[in-house]
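Survey of secondary and tertiary structure
In case you want the letters, here they are:
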Amino acid sequence: MTRAKQPIVAGVDGSESSMQAALWAAGEARLLSAPLLLVLVNNDPIRKPYAEEVVRDIGSRCQEAVTELEISEEVTYGHPAEELVHRSDSARLVVVGSRGQGAFRDTLLGSTSAAVATHASSPVVVVPSGGADLPGPVVAGVDGSPGCRPALRFAFEIANRRRSELVALQALPNAYFIPGPYDHPDRDELLAHAKQQLTEQLSPLTASYPEVVVRQVVSNIPPVQALHEAAEHAQLLVVGHRGRGGFTGLLIGSVARGVLHHAPCPVAVVPG
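Let me sum up the structure you'll find in this document. (Residues numbered from 1 in each chain as written. Predicted model: local features only at pLDDT ≥ 70, side-chain atom pairs only at ≥ 80, totals over all residues. Heavy atoms only, no water.)

Time to look at the pairing of strand β5 (residues 124-127). Alternating positions in β5 separate into two faces, Val124 and Val126 on one and Val125 and Val127 on the other, with burial throughout. Taken together, the four bridges between strand β4 (residues 93-97) and β5 define a ladder with parallel strand orientation. In the sheet register, Val96 faces β5, and the bridge partner there is Val126. Sheet analysis places β5 next to strand β10 (residues 267-270), joined by three bridges and oriented antiparallel. When the bridges of β10 are listed, Val126 appears paired with Val267. (Buried < 20%, exposed > 50% of the residue type's maximum accessible area, 1.4 Å probe, protein only. Helix = DSSP H or I, 4+ residues; strand = E, 2+ residues; numbered from the N terminus. Pairing = 2+ DSSP bridges.)

Following this line, the structure appears as structure tokens:
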């Protein structure tokens, strides 16, 4: 399957969050000239007619919002996270809502969103209710590791498509903020090194995407706090899930829930 034909897969369940996710996916599919596939995972055969009605209604709303878009709908069975992770093998992008509700409320609860985001082979975008169409820049969390390079490239690609500013945010390592009976390195030296590292990582991408306006930010507050503050004014927050350094553990356990479920804007998680 060529990249152009790879679908944008949106996991839906009838909740407002998944509706927002589907609309975000539809807009991105239009920008990519890619087909949109709406998938509802239903574990109850009795509810199949209702599930089919739900996914058709979501498809109709997406078609109204984004005309001339190829949309298909599917009701399938299985474990929601496992099914969406499986679909990621052939998807350009997987999009899910941050939380579900209603008859299928268990399908897009936080644990499922986090599982899809951290196990999918494609990038995953988690969309909160009310956060599908926000102004502001694309924000990319950078930590200097090879694992964050795919996330940074993804951020450049999407900022280029959307003609938006890109904020590349690098924070000091988490360990710096942990009190302990040891000498911390000089903060000014750490900041200077981080600035140099950030410039070096951005250099090849700024050359490849000359039309993207890039703002470099090196933060001296804890990484998760820095990302939350940046997300307050962003249309999309982009992170990798195998980073180290400043964003070590960013998408593991409780921190994952903080970033994925409480960010006011959509969060893109890109495998390293």
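Further remarks concern the nonpolar core. Generally speaking, nonpolar side chains in soluble globular proteins are found buried as a group. Judged by nonpolar contacts, the single largest core of 50 residues is most densely connected at Ile8, Leu36, Leu38, Val95 and Val238. A total of eight residues in this core trace back to one element, the largest contributor, which is helix α1 (residues 16-32). Here Ile8 is in contact with Ala25, Ala29, Leu32, Ala34, Pro35, Leu36, Leu37, Arg92, Leu93 and Val95, once residues within four sequence places are set aside. (Core = buried A, V, L, I, M, F, W, Y, C linked by side-chain atoms within 4.5 Å. Contact = heavy atoms within 4.5 Å.)

Tallied over the full model, the rule gives seven salt bridges. Between Glu28 and Arg161 there is a salt bridge whose closest N-O contact spans 2.3 Å. Of this pair, Glu28 sits in helix α1 while Arg161 is found in helix α5 (residues 149-162), placing the two residues 133 residues apart along the sequence. Shared partners join several salt bridges into a network, and the residues in it are Glu28, Arg161 and Arg162. (Salt bridge = Lys/Arg side-chain N within 4 Å of Asp/Glu carboxyl O.)

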